[in-house]
Amino acid sequence: MARLVGTAADVCGRVPGLFPALAGSFLRGIRIMAVELYNDGRHVCLAFYDLVDEEADHAVQCNQFLIVDGDHGALIDPGGNMTYNGLLMGMQRYFPSRNLDYILASHADPDIIASLNKWMVTTRCRVLISKLWARFLPHFTTGRDYSDRIIGIPDEGMVVPLGESKIKAVPAHFMHSEGNFQFYDPVAKILFTGDMGASLIDHDVALKPVTNFDEHIPFMIGFHRRYMISNKICRFWVNMVRQLDVEMIVPQHGARFEGKVMVNRFLDWIENLQCGVDIMTQDNYRAP
Ligand SMILES: [Fe+2]
Ligand SMILES: [Fe+2]
C-alpha cells in the first residue's frame, strides 16, 4: 500500500499543484526518503522515518508526517531541533513550507514539538495542541507572543479543515500525556497515533510496515507497559478506534500497522495489555 518515494519528478508528476522538487534532499550526506502512505493525486500523506541519526545523535528514532490537500498542508509531530533541517528540506519536494497551515502536535514532548520556534519564525502556521499544553508551548520559543497562533484543542477533540479535507483531532488522553490527541485522516483512513503503537527500532526497519505482529511485540511491550497509563484507558481508546474506518495505524516511533487485519491485531493486543498504574506496586516507590 505505502511506498518509498524515490524522485521528486515521480511525486510531482502525479500530484497537481504541488511545489516543484528541491532536487535530491540530503542531510549529513544521507538521502532523505519520504514514504508515501497515501496519494490520490490531490490528497497526500507522507512519512519521514530517517531524519534522526540514532547513532550519531544518541536519540530515539522518531517519525514526522506531512499531510497535503491541494495547496494546503499540515505537519504532524514535526519533532525537535535535530529533525528540523531534514524535514524542512524533505517537505519542499512536496509542499512549500512557507504555505504551511498547521502543526498538529499530539502532545508537548521534545521529540514532538521542540522545534516549534523555528517553524514559527519561518512559516505563518498555527499550532494545534491540547489546551492543557497551549500555555506551556511558549517555553519552546524565544518569548515572542505567539498566542494568536497557538490553538488549544478542547478535551473532546475537534475537526480541523485542511483544504477540502477535514482532519479529526481525536482524544487520546493519558496515552501517554495527560492532554493527548491523535489525528485521523478520513480521506486516507490513517490514524496518526503519536506514541501509541510505538516500537523502538532503527529507522531502516521502521520505514517498513509490520509484517509479523508476534515478532514485533518485543519491540513495543516495554515501552507500552511503562509509558501507557492503564488498561482501562487503552480499552476506552480501542472502543473509539473500532468506530472509525482505519486502514493504517501510524505511530510516531517505529513501524506502522497497515491493513485492517494488522490494525485489529494491534487493537486486540493493546486492549488486553496491563500497563502503567496496573502493574505498579509499593516496590516501585521506595527511596533509593
Ligand atoms: Fe511522548
Ligand atoms: Fe514520542
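> Before we move on, can you summarise the overall build of the protein chain with the specific residues and values?
In terms of helices and strands, the protein chain carries ten helices and 16 strands. Looking at the protein chain as a whole, 46% of its 288 residues are labelled buried. Sequence-distant contacts in the protein chain: of pairs separated by 6 or more residues, those separated by 24 or more amount to 65%.

> Which residues make up the packing of helix 9 (residues 231-241) against helix 10 (residues 259-271), and what values do they have?
Put simply, helix 9 and helix 10 touch, their axes get as near as 9 Å, and they point 155 degrees apart. Comparing the axis directions of helix 9 and helix 10 gives the class roughly antiparallel. Helix-helix and strand crossings are classified by hand; for helix 9 and helix 10 the assignment is left-handed. Contacts between helix 9 and helix 10 pair Cys234, Arg235, Val238 and Val241 from the former with Leu267, Ile270 and Glu271 from the latter.

> Just give me the short version of the nonpolar core, but keep the residues and values in it.
Ranked by internal contacts, the top residues of the largest apolar core, which has 80 residues, are Leu46 and Leu104. Excluding residues that lie within four positions of it along the chain, Leu104 makes contacts with Ala74, Ile76, Leu128, Val160, Ala169 and Phe183.

> Before we move on, could you go through helix 9 and cite the residues and values that matter?
Looking only at helix 9, the buried set comprises Ile233, Cys234, Trp237 and Val241. When helix 9 is viewed along its axis, its buried side chains cluster within an angular range of 100 degrees and face the same direction. Exposed and oriented more than 90 degrees from the buried face of helix 9 are Lys232 and Asn239. Against the buried residues of helix 9 lie strand 14 (190-192) and helix 10.

> Could you give an account of the environment of Leu267, with specific residues and numbers?
Position of Leu267 relative to the elements: it lies in helix 10. With 20 C-beta atoms counted inside 10 Å, the residue Leu267 sits in the buried group. Through-space distance from the C-alpha of Leu267 to that of Trp237 is 9.1 Å; in sequence the pair is 30 residues apart. With residues up to four places along the chain from it excluded, the contact list for Leu267 reads Val238, Val241 and Arg242.

> Could you give an account of the sheet that holds strand 11 (residues 158-162), with specific residues and numbers?
An order of 11-12-13-14-15-16 is seen for the six strands of this open sheet, with the pairing classed as mixed. Edge strands, defined here as strands with exactly one partner in the open sheet, are strand 11 and strand 16 (257-258). Examined bridge by bridge, strand 12 (residues 165-171) and strand 13 (residues 181-185) share four bridges and lie antiparallel to one another. Opposite Pro171, over in strand 13, you have Phe181 as the bridge partner.

> Can you tell me about the pairing of strand 11, naming the residues and giving the values?
Bridging between strand 11 and strand 12 involves five bridges; their strand directions are antiparallel. By the bridge assignment for strand 12, Leu162 is matched with Ser165. If you look at the hairpin formed by strand 11 and strand 12, you'll find two residues sitting between the two strands, and Gly163 has a positive phi there, around 60 degrees.

> A description of unusual backbone geometry should follow, citing residues and the corresponding values.
Of note, the amide linkage connecting Met175 to His176 takes the cis form, showing an omega dihedral of 0 degrees. Relative to the helices and strands, His176 is located in the loop between strand 12 and strand 13. The backbone phi angle of Phe174 is positive, close to 70 degrees, even though this residue is not glycine. Looking at where Phe174 falls in the secondary structure, it is placed in the loop between strand 12 and strand 13.

Analysis parameters
- All chains use their own residue numbering, which begins from 1 and follows the written sequence.
- Throughout, the order in which chains and ligands are written sets their labels, letters from A for the former and numbers from 1 for the latter.
- Only residues with pLDDT of at least 70 are given local features in this predicted model, and only at 80 or more are side-chain atom pairs given and counted; all residues enter the totals for whole chains, interfaces and linings.
- Only runs of H or I of at least four residues qualify as helices and only runs of E of at least two qualify as strands under DSSP, and these elements are numbered from the N terminus.
- Neighbour counting defines burial: a residue surrounded by 20 or more other C-beta atoms within 10 Å of its own C-beta is buried, one with 12 or fewer is exposed, and intermediate counts give partly exposed, using backbone-placed C-beta atoms.
- For the purpose of contact definition, each residue receives a C-beta atom placed from its backbone, and two residues are in contact when these atoms lie within 7 Å.
- Lines fitted to C-alpha atoms define the axes, with helix axes restricted to the stretch in contact, and inter-axis angles between N-to-C directions lie between 0 and 180 degrees.
- What sets the label is the angle itself: under 35 degrees gives roughly parallel, over 145 gives roughly antiparallel, 65 to 115 gives roughly perpendicular, and the rest give oblique.
- Throughout, a crossing is termed right-handed when the near helix is turned clockwise from the far one, and left-handed when it is turned anticlockwise from it by less than a right angle.
- Among buried residues, those of type Ala, Val, Leu, Ile, Met, Phe, Trp, Tyr and Cys that are joined through C-beta atoms within 7 Å form a set called a nonpolar core.
- Throughout, the arc means that of the directions going from the helix axis to the C-beta atoms.
- Following DSSP output, two strands are said to pair if at least two bridges run between them.

Keep in mind that these numbers describe shape and distance, not what the molecule does.
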